[in-house]
Amino acid sequence: MIYVSQPTLPNIDDYIEILEGIWDRKWITNNGQVLKDLEKKLCRYLNVDYLTLTTNATLALSISLIGTATEGEVITTPLTFAATTNILLFHGLKPVFADIDLDTYNLDPRDVEKKITKKTTAIMPVHVYGNPCDVKAFEKLAKKYNLKIIYDAAHVFGCRYNGKSLASYGDGSVLSFHAVKLFNTIEGGALVTNSKRLKNKFDLIRNFGIKSETEVVLPGINAKMSEFQAAMGLCNLKNIDENIKKNKKLYKKYKRDLKGKNIGFQKLMTDDYNYIYMPILLETKKLRDRIYNHLYENGYSARKYFYPLTTDFDYFKGQNLTKKYNLVNAKYVSDRVLCLPLYPNLEESHVDKVISLIKEI
Ligand code: T4K
């Protein structure tokens, strides 16, 4: 089976070399040397001020909410992975859903503004598939209504917007370094911020709120990244630019060969993009599902990212949230979108095969 994605693994000798250092030091987690090295190198690579590495992106989202003392209502998108909504509920916050833009698939600031109430304290937009949100409009809203902005930037590693890393926007931006992301630390994530005060707070929260052996200054959690994860990151960081180039070549091929076949594409808001997903929009849900099945039967596992909408999750059953929040565009995209296999080491012949299977339908 050819999957929608596949982890990029580094040269094993590079990994072993770092492991030997870990063995010598006998220091395997808790703010180790490899982690510190990776944090520094990532800040440099991404050109961001501060970054806190975490066990995964979901826990980085959690830290961001604790660290910014977010409460009440948080406005977010329903077209996302389960983690975004789950973490809000996990923290006892009320997710309020706004609709997306039909071209970019990102949260629409105009609908967000309509849904702001006295209880709103934050907005959590998602740069869907790494495509930049309207960060300027969100900045304006934040100023006007005194709101925090925490970006779920799980997909954006390597994406830039207006000459800056896309992860540098907002009060906090959360990256995912999960196995199938452009940059992986097996499992992992990071919380980026421009504020030194917040960086120090995020670091404390990551380690139970422990300041010293006798001082626990915050009710923090355990979101530490181990030395083994960080070592994987150090190795993988070497190949990012080359992997973006490979992704881009395949993305362009898909787009060129599928154009004019009644297939829609996400409108990309930057040229500095990482091309880690290949979402296409079919005319109907029925057609999307037929193509999904046809690909699967022929050995290709495309994925319906993100279907169902989070507002249609089983745990919201009976609440009719998609209707209640009038999420017309999000429903339209979620019902028709299909992400095709795309990752740096995918052979072009497989892309050709996927394209011809789609054309058959
Ligand atoms: N916010 C957003 C917007 C996100 O998209 C995500 C994660 C998060 C937050 C949370 O980030 P983390 O807490 O995970 O850091 C996958 C990823 O597991 C998930 O991280 C990602 N989003 C999501 C979009 O995709 P699944 O449930 O589709 O994973 P799975 O296991 O089906 O893997 C996808 C494909 O990759 C499979 O078809 C097979 C292939 N694969 C997978 C793994 C793990 C491999 O070939 N090798 C592997 O080792 O969520």
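Just above sits the structure.
If you're wondering where the values come from, they're calculated on a predicted model, not measured in any experiment. One numbering rule holds for all chains: residues counted from 1, following each sequence as written. This being a predicted model, a pLDDT of at least 70 is required before a residue's local features are given, and a value of 80 or more before pairs of side-chain atoms are given or counted; all residues contribute to the totals for chains, interfaces and linings. Here the side-chain values reflect all heavy atoms present in the structure, with hydrogen atoms and water set aside.

Novice: Please give an account of the pattern of salt bridges that cites residues and values.
Specialist: What makes a salt bridge here is a side-chain nitrogen of Lys or Arg within 4 Å of a carboxyl oxygen of Asp or Glu, nothing more. Scanning all chains against the criterion turns up 19 salt bridges. The salt bridge involving Arg110 is made with Asp108; its shortest N-O contact spans 3.2 Å. Residue Asp108 is classed as buried on the basis of its relative accessible area, which comes to 12%. Lys253 serves as the salt-bridge partner of Asp257, at 3.8 Å between the closest nitrogen and oxygen. Each residue gets one of three labels from its accessible area relative to the maximum for its type: buried under 20%, exposed over 50%, partly exposed in between, using a 1.4 Å probe on protein chains only.

Novice: Could you give me a rundown of the site of the ligand, with the residues and numbers involved?
Specialist: One heavy atom within 4 Å of a molecule or strand is enough for the residue carrying it to be called near that molecule or strand. Around the ligand there are 24 residues in total, and Thr58, Asp152, His155, Ser176 and Tyr305 lie nearest to it. Ser176 is positioned with one of its side-chain polar atoms (N or O) 2.8 Å from an oxygen atom of the ligand. Note on areas: Shrake-Rupley with a 1.4 Å probe; residue coverage comes only from the protein chains shown. Coverage of the ligand by the protein amounts to 76% of the 920 Å² it exposes when considered alone. Mapped by element, the contributors of at least two residues to the shell around the ligand are helix H3 (57–67) and helix H4 (82–90). Along the lines of polarity and charge, the residues of the shell around the ligand split into eleven nonpolar, ten polar and three charged. Nitrogen and oxygen atoms within 3.5 Å of one another constitute a polar contact, given that in protein one can donate a hydrogen and the other can accept it, and given that sequence-neighbouring residues count only through two side-chain atoms. Put simply, DSSP H or I for four residues or longer makes a helix, DSSP E for two residues or longer makes a strand, and each gets a number counted from the N terminus. Residues were grouped as follows: Ala, Val, Leu, Ile, Met, Phe, Trp, Tyr, Cys and Pro as nonpolar; Asp, Glu, Lys and Arg as charged; and all remaining residues, including Gly, as polar.

Novice: Would you mind going over the pairing of strand E14 (residues 337–340) in detail, with residue names and values included?
Specialist: Burial along E14 is two-sided: the residues Val337 and Cys339 and Leu338 and Leu340 are all buried. Pairing geometry for strand E13 (residues 278–281) and E14, over four bridges, is antiparallel. Each residue of the ladder has a partner; that of Pro279, found in E14, is Cys339. We call two strands paired when DSSP finds no fewer than two bridges between them.

Novice: Could you give an account of the sheet that holds strand E4 (residues 120–124), with specific residues and numbers?
Specialist: Reading across the sheet, the seven strands line up as E1-E9-E8-E5-E4-E2-E3 and stay open at both edges, with mixed pairing between neighbours. Here the strands that pair on one side only, and so sit at the sheet edges, are strand E1 (50–54) and strand E3 (94–97). Neighbour to neighbour, the strand axes of the sheet diverge by 25° on average, direction disregarded. Direction of pairing for strand E2 (residues 73–76) relative to E3: parallel, over a ladder of four bridges. Paired with Val74 across the bridge in E3 is Pro95. We call two residues contacting when some pair of their heavy atoms lies within 4.5 Å. Where helices are involved, their axes are fitted lines through C-alpha atoms of the stretch in contact, as for all axes, and angles between N-to-C directions lie from 0 to 180°. Relative to the sheet, helix H6 (residues 135–145) contacts E4 and strand E5 (148–152), its axis offset from that of E5 by approximately 150°. The sheet strands contacting helix H7 (residues 196–206) are E1 and strand E9 (189–193), and the helix crosses E1 at an angle near 10°.

Novice: For the nonpolar core, give the residues involved together with the corresponding values.
Specialist: Within the largest apolar cluster, 99 residues are counted, with the highest numbers of intra-cluster contacts made by Tyr129, Phe157, Leu175, Ile280, Leu295 and Leu340. Not counting the four nearest positions on each side in its chain, Leu175 is found in contact with Leu46, Ala57, Ala153, Ala154, Val156, Phe157, Ala167, Gly189, Ala190 and Val192. Take the buried residues of types Ala, Val, Leu, Ile, Met, Phe, Trp, Tyr and Cys, join any two whose side-chain atoms come within 4.5 Å, and each joined set is a nonpolar core. Ranked by size, the runner-up nonpolar core spans 19 residues in total, among them Val74, Leu88, Ile150 and Leu198.

Novice: Which residues make up a negative patch on the surface, and what are the values?
Specialist: Together, Asp13, Glu17, Glu20 and Asp24 make up a negatively charged patch on the protein surface. Its location among the elements puts Glu17 in helix H1 (residues 12–25). When its relative accessible area of 57% is taken as the criterion, Glu17 is described as exposed. Without a salt bridge and with relative accessible area above 30%, a residue can belong to a patch; like charges are then joined within 9 Å and nonpolar side chains (Val, Leu, Ile, Met, Phe, Trp, Tyr) within 5 Å. Positive charge is attributed to Lys and Arg, negative charge to Asp and Glu, and no charge count is given to His or to the chain ends. The atoms used to mark charge sites are NZ of Lys, CZ of Arg, CG of Asp and CD of Glu.

Novice: Outline helix H8 (residues 227–236), supporting the account with residue identities and numerical values.
Specialist: For H8, a buried count of nine out of ten residues is recorded, marking the element as mostly surrounded by other parts of the structure. Looking only at H8, the buried set comprises Glu227, Gln229, Ala230, Ala231, Met232, Gly233, Leu234, Cys235 and Asn236. Contacts made by the buried residues of H8 are with H1, helix H2 (33–46) and helix H9 (240–258).

Novice: So what about H7? Which residues, and what values?
Specialist: Among the residues making up H7, those that are buried are Leu198, Lys199, Phe202, Ile205 and Arg206. Summarising the axial view, the buried residues of H7 lie within an arc of 125°, below the 170-degree limit, and thus occupy one face. Away from the buried face of H7 by more than 90 degrees, exposed residues Lys196 and Arg197 are located. Taken together, the buried residues of H7 touch H2, E1, H3 and E9. Taking the backbone nitrogen of Arg197 as reference, a side-chain oxygen 3.3 Å away marks Ser195 as the first, capping residue of H7. One or two residues past the end of H7 sits Phe208, with phi positive at roughly 65°. An arc is given here, and it is the one of the directions from the helix axis to the C-beta atoms.

Geometric values such as these leave the question of function open.
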